[in-house]
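Working through the structure, step by step
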Amino acid sequence: MGYEPNIIEPKWRKVWNEAHLNEARDDSARPKYYCLDMFPYPSGSGLHVGHWRGYVLSDVFSRYKRLRGYEVLHPMGWDAFGLPAENDAIKKGIHPSVGTARNIANFKLQLEQMGAMFDWTREINTSSPEYYKFTQWIFLQLFDMGLAYRKEMPINWCPSCKTGLANEEVVDGACERCGAEVTKKNLNQWMLRITAYAERLLTDLETLEWPDKVKKMQANWIGKSEGARIRFAVKGDTDQQIEVFTTRPDTLYGATYMVLAPEHPLVEVITTVEQHAFVQKYVREALAKSALTRQMQDKSKTGQFTGAYAINPINDEALPIYIADYVLMDYGTGAIMAVPGHDERDFAFAVAYQLPIRRVIAEKGVAANVPLKEAYTGEGLLVHSAAFDGLSITEGKRAILAHLEASGRAEAVVSYKLRDWVFARQRYWGEPIPLIHCASCGTVPVPESDLPVLLPDVERYEPTGTGESPLAAMESFVQTTCPKCQGPARRETDTMPQWAGSCWYFLRFADPHNQEQLFSKEKVDHWLPVDMYIGGVEHAVLHLLYARFFTKVLYDRKVISFNEPFLRLFNQGMLTLNGAKMSKSKGNVVSPDELVERYGTDTVRLYELFVGPPEVDAEWNPRAIDGMARFLSRVYRLMEERTVHAVGRQHAERAVLKARHRLIKQVTERIESFRFNTVVSAFMEFVSVMNDQSGALDRETLEAFVICMSPLAPHLAEECWRMLGHKTSVFLAEWPVFDPSYLQEDEVEIVIQVNGKIKDRVTVAMDAPLDALLEQVKARELVDRALAGKAIVKPIYVPGKLLNLVVR
RNA sequence: GCCGGGGUGGCGGAAUGGCAGACGCUGCGGACUUAAAAUCCGCUGGGGGAAACCCCGUACGGGUUCAAGUCCCGUCCUCGGCACCA
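Below is a short write-up of the structure. (Residues numbered from 1 in each chain as written. Chains lettered and ligands numbered in written order. Predicted model: local features only at pLDDT ≥ 70, side-chain atom pairs only at ≥ 80, totals over all residues. Heavy atoms only, no water.)

As for the overall build of chain A
Counted only if it meets this: By definition, any uninterrupted DSSP run of H or I lasting at least four residues is a helix, any uninterrupted run of E lasting at least two residues is a strand, and each is numbered from the N terminus. Partly exposed describes any residue whose relative accessible area lies between the buried limit of under 20% and the exposed limit of over 50%, with all areas from a 1.4 Å probe on protein chains only and scaled to the type maximum. Contact between two residues is taken to exist if any of their heavy atoms lie within 4.5 Å; hydrogens are not considered.
When helices and strands are counted, chain A shows 26 helices and 32 strands. Each principal axis of the C-alpha distribution contributes one length, and for chain A these read about 100 × 85 × 45 Å. Relative to its full complement of 808 residues, chain A shows a buried share of 54%. Here the analysis covers contacts within chain A between residues at least 6 apart in sequence; of these, 72% occur between residues at least 24 apart.

Thoughts on unusual backbone geometry
Residue Pro 452 follows Leu 451 across a cis peptide bond; omega there is -5°. Along the chain, the position of Pro 452 falls in the loop between β21 (442–445) and α13 (475–478). Cis rather than trans, the peptide bond between Leu 528 and Pro 529 has omega equal to -5°. Among the structural elements, Pro 529 can be located in the loop between α16 (521–527) and β24 (532–535).

Quick look at the protein's contact with RNA strand B
Test applied: Throughout this document, a residue counts as near a molecule or strand when at least one of its heavy atoms sits within 4 Å of that molecule or strand. Any N or O atom pair separated by 3.5 Å or less is treated as a polar contact, with the protein-specific requirement of one donor-capable and one acceptor-capable atom, and with residues adjacent in sequence counted only for side-chain atom pairs.
In the vicinity of RNA strand B, 49 residues are found, and the nearest of them are Thr 247, Lys 301, Tyr 326, Arg 345 and Glu 685. Backbone atoms, meaning sugar plus phosphate, form 62% of the atoms of RNA strand B positioned within 4 Å of the protein. One of the side-chain N or O atoms of Asn 677 is found 2.9 Å from a phosphate oxygen in RNA strand B. In this structure, Arg 761 approaches RNA strand B through a side-chain N or O atom, which is 2.8 Å from a base oxygen.

Considerations on the sheet that holds β21
In plain terms, the rule: A strand pair is defined by DSSP finding two or more bridges across the two strands. Here, axes are lines fitted to C-alpha atoms. For helices the fit covers the stretch in contact, and angles between N-to-C directions go from 0 to 180 degrees.
An order of β21-β20-β23-β22 is seen for the four strands of this open sheet, with the pairing classed as antiparallel. The open sheet has two free edges, formed respectively by β21 and β22 (479–481), since each of these has just one partner strand. Within this sheet the neighbouring strands show an average axis-to-axis angle of 40°, counted without direction.

So, helix α1 (residues 5–18)
Two residues of an α-helix separated by three or four positions point the same way, owing to the 3.6 residues in each turn. Defined as follows: Helix span, as expected, comes to 1.5 Å for every residue beyond the first. What the arc describes is the spread of directions from the helix axis to the C-beta atoms.
Here α1 is 14 residues long and its end C-alpha atoms lie 20 Å apart, about the 20 Å a rise of 1.5 Å per residue gives. When α1 is considered as a whole, its buried residues turn out to be Pro 5, Ile 8, Glu 9, Trp 12, Arg 13 and Trp 16. The buried residues of α1 occupy one face: seen down the axis, they fall within an arc of 130°. In this structure, α1 carries Lys 14, Asn 17 and Glu 18 as exposed residues pointing more than 90 degrees from its buried face. As for α1, its buried residues are in contact with α2 (49–67), α4 (96–113), α18 (592–599), α19 (601–610) and α24 (714–723). Positive phi shows up at His 20, right after α1, with a value of about 55°.

A word on the pattern of salt bridges
Note the cut-off: Put simply, a salt bridge is a Lys or Arg side-chain nitrogen that is within 4 Å of an Asp or Glu carboxyl oxygen.
For the coordinates displayed, the defined rule picks out 40 salt bridges. Between Glu 169 and Arg 425 there is a salt bridge whose closest N-O contact spans 2.6 Å. You can see Glu 169 sitting in the loop between β6 (163–165) and β7 (170–171) and its partner Arg 425 sitting in the loop between β19 (421–422) and β20 (435–438), a full 256 residues away along the chain. For Glu 169, a relative accessible area of 8% translates into the label buried. A salt bridge links Glu 564 to Lys 552; the shortest N-O distance between them is 2.9 Å. Of this pair, Glu 564 sits in the loop between α17 (542–556) and β25 (569–571) while Lys 552 sits in helix α17; the two residues are 12 residues apart in sequence, bridging distant segments of the chain. There is no split in this pair, since Glu 564 and Lys 552 are both buried. Linked by salt bridges that have partners in common, Asp 26, Asp 119, Arg 122, Asp 511 and Lys 523 make up one network.

Details of the packing of α1 against α24
What describes two packed helices is the angle between their axes and the distance between those same axes. Quick reminder of the rule: Roughly parallel means an angle under 35 degrees; roughly antiparallel means over 145; roughly perpendicular covers 65 to 115; every other angle is labelled oblique. Gly is placed with the polar residues, together with every amino acid not listed as nonpolar (Ala, Val, Leu, Ile, Met, Phe, Trp, Tyr, Cys and Pro) or charged (Asp, Glu, Lys and Arg).
Taken N-terminus to C-terminus, the directions of α1 and α24 make an angle of 80°; their axes are 9 Å apart at the nearest point. Comparing the axis directions of α1 and α24 gives the class roughly perpendicular. Residue-level contacts link Ile 8, Glu 9, Lys 11, Trp 12, Arg 13, Val 15 and Trp 16 of α1 to Pro 714, His 715, Leu 716, Glu 718, Glu 719 and Arg 722 of α24. Residues belonging to the contact of α1 with α24 are distributed by class as follows: six nonpolar, one polar and six charged.

Structural data, given as structure tokens:
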């Protein structure tokens with residue numbers, strides 16, 4: 001017969017489905033394990049082999065955990081709101097839900113033929129009203145907690161997508177989605193106060209078993225810095241003061257000028273009549289620069305003197321006040337004290353505008369008066385700082401801050417780079433924000449009993465580009481009554497960003513069909529947190545930060561009893577073809593569909609694992625998959641030829657026993673540590689040893705082999721399991737244990753080195769004593785030749801491994 | 001500029017400080033076959049040698065060690081993240 005994957009694979013999938021083998025039971029006595037994939041956005045182009053990679057990893061791990069005795073929750077769903085569906089709808093004139101449903105059907109078909117043990121009874125779709133009803137409910141909690149607020153401010157705006165963007169969605173000044181250059185637009189926006197959680201989002205990272213890289217990326221994004229807020233009076237204007245944020249209060253004596261961001265509200269107030277025209281011109285030019293040019297251009301410094309002076313609170317020195325676009329309005333206070341001697345940017349500005357540069361920190365052994373050729377940012381002691389001279393930087397920070405605090409002119413503060421989250425989108429295909437604007441009651445939440453606020457059918461999906469969503473044009477949607485006063489009112493017409501649904505979907509999987517609440521607390525506390533989360537590193541800050549934020553909010557709201565959603569995170573590397581990330585636009589995608597048809601799912605699964613270390617990017621080699629197909633055929637043949645005999649065989653050869661226990665050990669250890677490429681190698685070596693054996697193989701060995709293989713090649717393993725006479729699924733079996741005593745060698749080949757160079761090999765007893773070994777070794781010709789005329793200074797003996805003779 | 005990851009055969013990669021190149025792909029040779037495919041077996045880092053064997057070799061330069069792909073210092077290249085964050 002031979003190995004016919006296209007027959008056995010659908011056969012066993014059907015059997016598994018009918019036996020409900022992939023379903024996670026809420027009431028199981030087994031310990032739970034929650035293994036989650038980052039759920040996909042169902043795009044029109046379907047899955048390629050790169051997408052498969054993460055799903056294969058998680059499925060192997062899930063199946064392994066099941067065999068280790070866990071009740072495994074391994075669900076799948078659809079992140080179905082999003083711009084591509086909407087853009088497609090605009091182009092083709094069909095409703096986004098139609099295209100989305102079609103894409104989901106296609107994705108599901110592809111995922112099913114992957115043979116993964118997804119529990120499809122828990123499938124969810126973020127764009128279904130049953131789901132987004134609760135996304136809206138969560139928004140109402142945020143609103144009630146004061147974490148959702150509306151503010152008019154210049155936000156990132158993508159002119160191509162015609163919507164506002166969160167900070168996290170701007171990459172190198174361009175829209176993360178479409179690559180268009182992002183501009184600023186003044187909009188009255190719904191924001192989420194994620195900054196209120198900055199400290200917890202940062203410190204709780206320590207509790208997570210995540211790649212360091214991702215933790216660092218989040219920590220950097222949050223960008224905590226500890227420093228001081230210091231107030232400088234404006235000279236001649238007792239009403240005004242300039243508040244600055246600095247991490248270096250120790251350098252206060254080195255401040256030689258001040259800088260305000262061009263947008264700073266005080267600019268208007270303090271600028272002198274003579275400077276007014278210049279300042280106005282500079283502000284206009286600065287605002288006209290896009291985020292891209294302001295950030296990405298060369299770092300040459302420009303600015304403009306305001307004509308005003310500030311008073312240094314430590315020594316009453318008058319400091320000229322400039323405006324310059326190297327100071328950003330939305331970090332710190334939008335104003336700085338400039339210390340050119342010890343800050344590179346201030347140094348560059350001071351040089352350009354011929355401002356004084358003063359040394360206030362000196363390294364040990366450097367005189368206080370040595371002029372600075374560049375900003376000195378290293379360690380040292382305070383100089384030119386009056387009573388504070390001689391203090392270290394750390395002491396200086398504390399002492400100067402304490403001095404200013406005493407007179408109420410400064411305080412210690414912590415600053416974060418993280419900004420609040422622009423949460424409104426001026427697009428159609430998203431969750432309507434469940435709020436109502438009433439002329440007399442203000443902004444009123446939609447009552448919970450009225451949820452969901454259904455996304456209405458509109459005739460035109462086109463974004464207006466005016467900062468209003470397409471929903472605004474739909475009077476039947478907009479016009480409503482105020483839940484409070486019953487007077488006429490208008491609905492909020494902005495929708496939520498695509499991230500909203502994915503901020504809590506992992507919770508919904510615990511109780512996906514609950515109509516009354518977003519989930520039962522009991523079920524969510526049983527299954528969550530997620531034990532293993534697998535997905536691409538591209539979500540390191542976006543989705544993962546937002547989901548952590550939502551989790552903490554729900555925890556504070558006592559909706560759940562844990563405050564981190566994902567205990568362990570694994571980022572699979574991407575697959576490349578011709579060195580480039582697979583993408584439809586580059587035309588270098590490899591579709592799994594034809595491969596499955598040609599080789600069978602198990603072969604494709606195996607190659608996805610074998611292609612390289614799972615966390616590293618790997619190049620897809622279209623030829624190498626043949627090797628996996630050959631290997632699985634060999635497995636099938638081995639089973640076919642040996643099974644008949646295996647049933648009766650009682651005793652295994654020692655070599656077989658050893659290979660069996662070695663296989664179990666290696667596979668177990670390597671799956672646990674996610675070294676799947678070497679798991680595959682272990683199987684190949686094992687099969688090769690079996691093929692070298694003549695005659696029948698014993699049942700126990702074959703069974704151990706089949707169980708170990710079942711997470712990787714589930715269909716073939718099931719077929720082999722039944723060949724061995726079993727009437728129930730291999731996935732109901734138990735993972736085999738290895739006995740280290742079989743791995744003990746009596747005799748080993750050890751390497752003989754002379755001065756570290758390999759000269760010979762001898763086979764000796766495992767515990768051969770050094771003396772006897774030396775005698776034996778000296779008698780050997782190769783060793784003798786290398787020793788000629790030399791004396792052994794020291795023998796280094798590692799029993800079972802090597803003998804190194806150090807000679808002179 | 002700052003913070004990470006990585007440089008090992010023709011290719012993907014393997015190697016608790018202890019035999020570098022497991023396993024697979026490619027290529028070459030052989031068996032089977034009327035023939036081909038499939039399958040099976042052997043070889044496949046570089047140089048020298050008839051052979052036994054010898055020398056070189058994990059980006060580059062140093063160091064630690066009996067012993068370094070692995071640890072330490074420096075350099076180069078490459079990929080990713082952040083980027084005027086005071």
